[in-house]
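# Geometric and topological summary
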Amino acid sequence: MRTQPLPEWDEGLTRIPYWIYSERQVARDEQDRIFAGPTWNYLCLEAEIPDGGDYRTTFIGEMPVIVVRGKDGEVYAFENRCAHRGALIALEDGGNAEDFTCVYHAWRYDLEGNLKGVAFQNGVNGKGGMPESFCMEAHGPRKLRTATVCGLVFGSLHEDVPPIEEYLGEDILGRIERVLNKPVEVIGRFKQALPNNWKLYFENVKDSYHASLLHVFFTTFRLNRLSQRGGVIVSEDGGHHVSWSAIDPAEAKSQDYSAEKLRSDKEGYRLADPTMLNGVDEFGDGVTLQILSVFPGFVLQQIQNCLAVRQVLPQGVDKTELNWTYIGFTDDTPELRRMRLRQANLIGAAGFVSMEDGAVGNFVQRGIACAEDEKAVVEMGGAGTETVNYRATETSVRGFWKAYRHLMGI
Amino acid sequence: MMAAEITYEQLSALNAAYGASIDDDRLESWPEFFADDCLYKITTADNQRQGLEAGMVYADSKGMLHDRVTALREANVYERQWYRHITGTPLIVGRGDDGVTAETPFLVVRVMRNGQSDLFATGRYLDRVVAGADGKLKFAQRIVVCDSNTIDTLLAIPL
């Protein structure tokens with residue numbers, strides 16, 4: 001429920017008012033309308049909960065959530081909040097459980113989140129206890145809908161959320177299937193605490209314009225230049241995107257970068273050990289980079305053979321938790337696994353090409369400290385949110401705001 | 001020098017020199033603390049416990065360590081910052097023909113250009129130290145196991 005109106009946003013998608021990154025009311029509305037709205041939120045990998053009773057704790061927006069594999073093999077998810085006094089039910093990142101018992105007063109829940117036991121319900125020595133009218137079925141944490149696609153587990157708090165395949169659309173789904181086409185396993189987990197609003201990070205993910213300007217490492221080694229063959233796919237509602245590129249022989253002749261003398265074009269920069277970048281075309285289509293986002297906070301990343309999923313979680317207006325899960329396939333050869341481990345130097349908090357993303361959101365957050373009424377300019381590639389076959393565009397950033405404003409009603 | 005002769009004092013001196021090379025911004029000398037055949041990895045206690053092998057930094061050649069330094073100097077963008085390494089007493093946990101294995105706790109304070117100082121990382125180094133032909137001690141392996149699973153903002157300078 002909106003307790004106070006937000007400022008006016010009377011312009012189109014090419015202007016982003018800075019109050020959207022700092023107003024507390026915005027964060028409250030986002031929890032209700034975005035994260036608890038008709039959206040699918042990434043929860044975990046199926047590979048992390050393979051057996052009955054396996055669970056992970058995570059969040060939808062700022063709401064704590066338990067996601068668990070039931071004994072029937074189905075995936076269940078429910079709010080990590082005891083129906084009694086509101087304490088967290090599960091305190092670990094994950095594990096295996098027969099059931100969940102709140103530590104505070106030992107109220108017990110089954111793997112589907114149903115309240116199954118109330119300590120001393122009938123009192124002690126015939127005294128005290130819950131009234132006879134107390135009905136366990138009427139109490140419990142909120143339950144989520146869950147959906148799995150290609151081993152990814154998503155959850156939704158909304159009754160009218162469309163089926164996951166429809167939510168993603170054919171283009172996005174196809175690009176997920178392209179990468180996650182066989183069983184995966186986790187090879188590392190890392191958290192990054194970002195000192196900025198969550199939207200600044202999610203926009204950064206969707207921003208194909210900045211990639212080769214801020215991240216010199218990519219540019220110099222011809223991993224991701226705008227003049228490579230590539231494009232940006234934006235879903236119908238704007239919320240999801242794919243930015244991809246592939247090696248283009250014509251690129252070698254392109255002079256676009258050197259003509260502009262950009263900071264990121266470092267002639268003569270060479271690696272002492274270029275084998276770090278050794279890779280194989282494991283998906284067989286020459287695509288060396290595919291960054292895919294699912295609204296409101298999921299990223300699937302393929303940079304050569306370096307595969308990871310990222311979960312973007314808000315923490316108030318000016319902090320974000322970024323969860324990295326590095327993955328490989330269960331059938332990786334030792335050689336391929338070693339390539340993934342070495343290429344992982346490109347990503348994460350210390351990544352040669354992603355380190356800057358941890359800081360740049362904070363540069364914006366600090367820059368706009370006294371600019372609530374000013375606006376960002378998002379006009380590269382025009383004003384639309386369409387799919388295009390080039391990447392010097394902000395079409396997917398505008399797409400994000402299209403989906404966001406629709407749900408937020410602004 | 002025989003591996004069996006490597007002493008606590010020598011390990012402490014090695015750790016002190018290692019920390020100083022980073023904290024004094026002499027990063028170009030940092031790869032020289034490693035053997036040519038080496039593994040340097042930064043991970044977390046959770047990953048280490050669960051046997052998850054990926055690192056935030058994963059360098060299995062000395063060339064990759066040089067590339068880290070070159071990238072920091074030439075490519076990567078990060079706000080000016082410094083570290084202060086406080087390295088504890090090494091615990092020698094094993095001796096082999098070619099060196100010792102040791103665990104050494106560390107604290108790293110990060111000082112930002114605006115003056116903000118934070119306890120950036122704590123953890124332990126899981127080291128395999130070998131003596132070169134010239135008698136100099138080198139890390140054949142340094143696994144940096146951070147106690148926390150979270151890195152604030154970014155990790156640019158090595159730990």
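To start, this report covers the structure provided alongside it. (Residues numbered from 1 in each chain as written. Chains lettered and ligands numbered in written order. Predicted model: local features only at pLDDT ≥ 70, side-chain atom pairs only at ≥ 80, totals over all residues. Heavy atoms only, no water.)

## Some words on the sheet that holds strand β13 (residues 229-234) of chain A
Two strands in a sheet stick together by hydrogen bonds in their backbones, pointing the same way (parallel) or opposite ways (antiparallel). Definition in use: Only when DSSP finds a minimum of two bridges between them are two strands counted as paired. By the criteria applied, helices consist of DSSP H or I runs no shorter than four residues and strands consist of E runs no shorter than two, each listed in order from the N terminus. Fitting a line to C-alpha atoms yields each axis, with helices limited to the stretch in contact; the angle taken between N-to-C directions then spans 0 to 180 degrees. Contacts are residue-level and defined by heavy atoms, with any inter-residue pair within 4.5 Å sufficient.
As summarised here, the arrangement of the eight strands in space is β13(A)-β14(A)-β15(A)-β16(A)-β17(A)-β18(A)-β12(A)-β8(B), forming an open sheet in which the pairing is mixed. Because the sheet does not close on itself, it has two edges, and the strands there are β13 of chain A together with β8 (150-152) of chain B. If you compare each strand with its neighbour and ignore which way they point, the axes differ by 15 degrees on average. With respect to the sheet, helix α3 (residues 170-179) of chain A is in contact with β13, β14 (241-246), β15 (287-294), β16 (298-303), β17 (306-315) and β18 (319-329) of chain A, its orientation differing from that of β15(A) by roughly 130 degrees. The strands that helix α4 (residues 198-206) of chain A touches are β12 (184-194), β14, β15, β16, β17 and β18 of chain A; relative to β17(A), the one it contacts most, it runs at about 150 degrees.

## Examining the environment of B:Leu155
Position of B:Leu155 relative to the elements: it lies in the segment after β8. As for B:Leu155 and B:Glu5, which are separated by 150 residues in sequence, their C-alpha atoms are 36 Å apart. If we skip the residues at most four places from it in the chain, B:Leu155 touches A:Ala349, A:Ala350, A:Met355, B:Ile42, B:Met56, B:Tyr83 and B:Phe120.

## Description of the interface of chain A and chain B
Our working definition: Defined in terms of a 1.4 Å probe, buried area is the accessible area two parts forfeit on being brought together, summed over both. A carboxyl oxygen of Asp or Glu within 4 Å of a side-chain nitrogen of Lys or Arg is what we treat as a salt bridge.
Contacts between the two partners involve 40 residues from chain A and, on the opposite side, 38 residues from chain B. Where chain A abuts chain B, roughly 3,200 Å² becomes buried across the two surfaces, and 55% of that area is made up of carbon and sulfur atoms. Together, A:Phe190, A:Leu341 and A:Met355 form the three largest contributors to the area buried by chain A at its contact with chain B, with a combined 18%. The partner of B:Asp60 in a salt bridge is A:Arg338, and the shortest N-O contact between them spans 2.8 Å. When residues of the side of chain A that touches chain B are traced back to their parent elements, those giving at least two are β12, α6 (216-220), α8 (334-343) and α9 (355-367) of chain A.

## Considering the sheet that holds strand β11 (residues 152-156) of chain A
All names here are of chain A. Judged by pairing direction, the sheet is antiparallel, and its three strands sit side by side in the order β2-β11-β10 without closing on themselves. The strands lining the two open edges of the sheet, one partner per strand, are β2 (41-45) and β10 (145-149). Ignoring strand direction, the axes of neighbouring strands in this sheet form an average angle of 30 degrees. Where β2 lies against β11, four bridges are found, and the strand directions are antiparallel. Of the residues in β11, the one forming a bridge with tyrosine 42 is phenylalanine 154.

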